[in-house]
Amino acid sequence: MVATKPPKNQSENQFDELRPGVKAPAKDSILTPRFYTTDFEEMANMDVSNNEEELKAIIAEFHVDYNRHHFVRNEQFDGAWDHIQGEKRQAFVEFLERSCTAEFSGFLLYKELARKLKGRNPLLAEGFDLMSRDEARHAGFLNKAMSDFDLQLDLGFLTKSKKYTFFKPKFIFYATYLSEKIGYWRYITIFRHLEKNPEDTIYPIFNFFDNWCQDENRHGDFFAAVMKSQPQFLDDLKARLWCRFFLLSVFATMFLNDIQRKSFYALLGLDAREYDIEVIKKTNESAGRLFPIILDVENPKFFAQLDECTKHTAAVSNISQSGQNKVIQTLRKIPHITAIGSKLISLYFIKPIRVEGDRGIVR
């Protein structure tokens, strides 16, 4: 017999709704998932012939579409939400929303790139179109999971209401390459943990992470292949500085976000800090197959400084929720924001590890 949902306890619904059952998007902040746009003309004129064969091979793999039949809900989901109530429910819905928003952001960017590049840079257009297919599936699957908790995102409203951040193409490549690779390590690390500790699998979406993360990995490989066709993105001093910047930005953003939401990871039997350290180390190592430098994450100062940043981030969050006058809130936040900035700058200037000689080596 198919289980039915228990009646929604209105007192437990701590989320603002656009209309019944449709969650209002989370307010934008420096740590929320962003929507991106870029210089489509520059992208269309990009010559990728230096690495055309590798790009064609990756696109051929996209066409195989290994996960065509993967994102199908089954009997595992029947009544799987019953035990997730109260604070657990809130933490879980926040996880689903952030994940859905991030995947949908990728879909929008890749779909627009495919549309703008069609007929002008057909190889890139084809790759972006196939990746947008994957991202749409991911976002739809996550949004359907939200409906188990009586909420969904209005993705059309999100498209129109979200602010878009402009990045030049090379910055899009750095950021999306790292976001796809760190997505792979995030998903596979959770999957492997739950495989060993099945009692912590509180909801069946995590059973899909093994195949799912391979989409992230292939997308990262596509961006790596594009960057290899553009030596200026990888092979000079400016490239090393930008690689360093984006590695630190991606790692710090994930760390600060996850420590704020450590209660969610506790639901899965994970320590958020230990989980992030493992994911950061693995992603850093993966980046060394492409980037000329990686961060020295074994330096004792690295995670110690990030720990200090989390304390100041928590203070900023508490001030935002204090109910005080906005001007007073801003004044109280300034020293904490300054402290976060200074600590991140100090992390940026930790001597990185040069890995040019190791690039291309499979680890």
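Each value, and the rule that gives it
- Residues numbered from 1 in each chain as written.
- Predicted model: local features only at pLDDT ≥ 70, side-chain atom pairs only at ≥ 80, totals over all residues.
- Heavy atoms only, no water.
- Helix = DSSP H or I, 4+ residues; strand = E, 2+ residues; numbered from the N terminus.
- Buried < 20%, exposed > 50% of the residue type's maximum accessible area, 1.4 Å probe, protein only.
- Contact = heavy atoms within 4.5 Å.
- Areas by Shrake-Rupley, 256 points an atom, 1.4 Å probe, with all protein chains shown as cover.
- Polar contact = N/O pair within 3.5 Å; in protein donor to acceptor, adjacent residues only side chain to side chain.
- Axes fitted to C-alpha atoms, helices over the stretch in contact; angles between N-to-C directions.
- Parallel < 35°, antiparallel > 145°, perpendicular 65-115°, else oblique.
- Left-handed = near helix turned anticlockwise from the far one by under 90°.
- Nonpolar A, V, L, I, M, F, W, Y, C, P; charged D, E, K, R; others polar.
- Salt bridge = Lys/Arg side-chain N within 4 Å of Asp/Glu carboxyl O.
- Core = buried A, V, L, I, M, F, W, Y, C linked by side-chain atoms within 4.5 Å.
- Patch = residues over 30% accessible without salt bridge, like charges linked within 9 Å, V, L, I, M, F, W, Y side chains within 5 Å.

Trainee: Kindly report on the overall build of the protein chain, identifying the contributing residues and their values.
Mentor: Looking only at helices and strands, the protein chain features 12 helices and 7 strands. Counting every position in the protein chain, which comprises 363 residues, the buried fraction comes to 51%. Sequence-distant contacts in the protein chain: of pairs separated by 6 or more residues, those separated by 24 or more amount to 83%. Within the structure as shown, the protein chain displays about 17,400 Å² of accessible surface, and the carbon and sulfur contribution to it stands at 54%.

Trainee: For the environment of Gln152, give the residues involved together with the corresponding values.
Mentor: One can find Gln152 in strand β4 (residues 152-153). Taking the C-alpha atoms as reference points, Gln152 and Leu142, 10 residues apart in sequence, are found 9.2 Å from one another. A distance of 3.3 Å separates a polar side-chain atom of Gln152 from the backbone oxygen of Asn143.

Trainee: Give a description of the packing of helix α6 (residues 169-196) against helix α8 (residues 237-260) that names residues and reports values.
Mentor: It is the contact of α6 with α8, at a shortest axis distance of 10 Å, that shows an interaxial angle of 45 degrees. With respect to each other, α6 and α8 are oriented oblique. Crossing angle aside, the handedness with which α6 passes α8 is right-handed. On α8, the residues touching Lys170, Phe171, Tyr174, Ala175, Leu178, Ile182 and Arg186 of α6 are Ala239, Trp242, Cys243, Phe246, Leu247, Val250, Phe251, Met254 and Asp258. A class-by-class count of the residues in the contact of α6 with α8 yields 13 nonpolar, no polar and 3 charged.

Trainee: Could you give an account of the pattern of salt bridges, with specific residues and numbers?
Mentor: This model, assessed by the stated rule, comprises 20 salt bridges. One salt bridge in this structure joins Arg186 and Asp258, with 2.7 Å as the shortest N-O distance. Linking Arg186 in helix α6 with Asp258 in helix α8, this pair joins segments that are 72 residues apart in sequence. The pair formed by Arg186 and Asp258 is uniform in burial state, with each residue classed as buried. For Glu308, the salt bridge is made with Lys311, and the minimal N-O distance between the two is 3.2 Å. With a gap of 3 residues between them, Glu308 and Lys311 both fall in helix α11 (residues 300-320), about one helical turn apart. Through salt bridges that share partners, Asp65, Arg68, Arg133, Asp134 and Arg137 make up one connected network.

Trainee: Account for the nonpolar core, naming residues and giving values.
Mentor: Soluble globular proteins tend to pack their nonpolar side chains together in the buried interior. In terms of nonpolar packing, the biggest core is built from 108 residues, with Phe128, Tyr203, Phe206, Phe222, Phe291 and Phe302 touching the most fellow members. With 15 residues, the top contributor of residues to this core is α6.

Trainee: Can you explain unusual backbone geometry? Please cite residues and give values.
Mentor: The backbone phi angle of Asp65 is positive, close to 55 degrees, even though this residue is not glycine. Its location among the elements puts Asp65 in the loop between α2 (52-64) and α3 (86-117). The phi torsion at Asp150 lies on the positive side, around 65 degrees, for a residue other than glycine. Its place among the elements puts Asp150 in the loop between α4 (122-147) and β4. Residue classification places Asp150 among the partly exposed positions, given a relative accessible area of 27%.

Trainee: Before we move on, could you go through a nonpolar patch on the surface and cite the residues and values that matter?
Mentor: A cluster of nonpolar side chains, namely Val327, Leu331 and Ile334, defines an oily patch on the protein surface of about 290 Å² accessible area. Mapped onto the fold, Ile334 is located in helix α12 (residues 326-348). Ile334 gets classed as partly exposed once you look at its relative accessible area, which sits at 43%.

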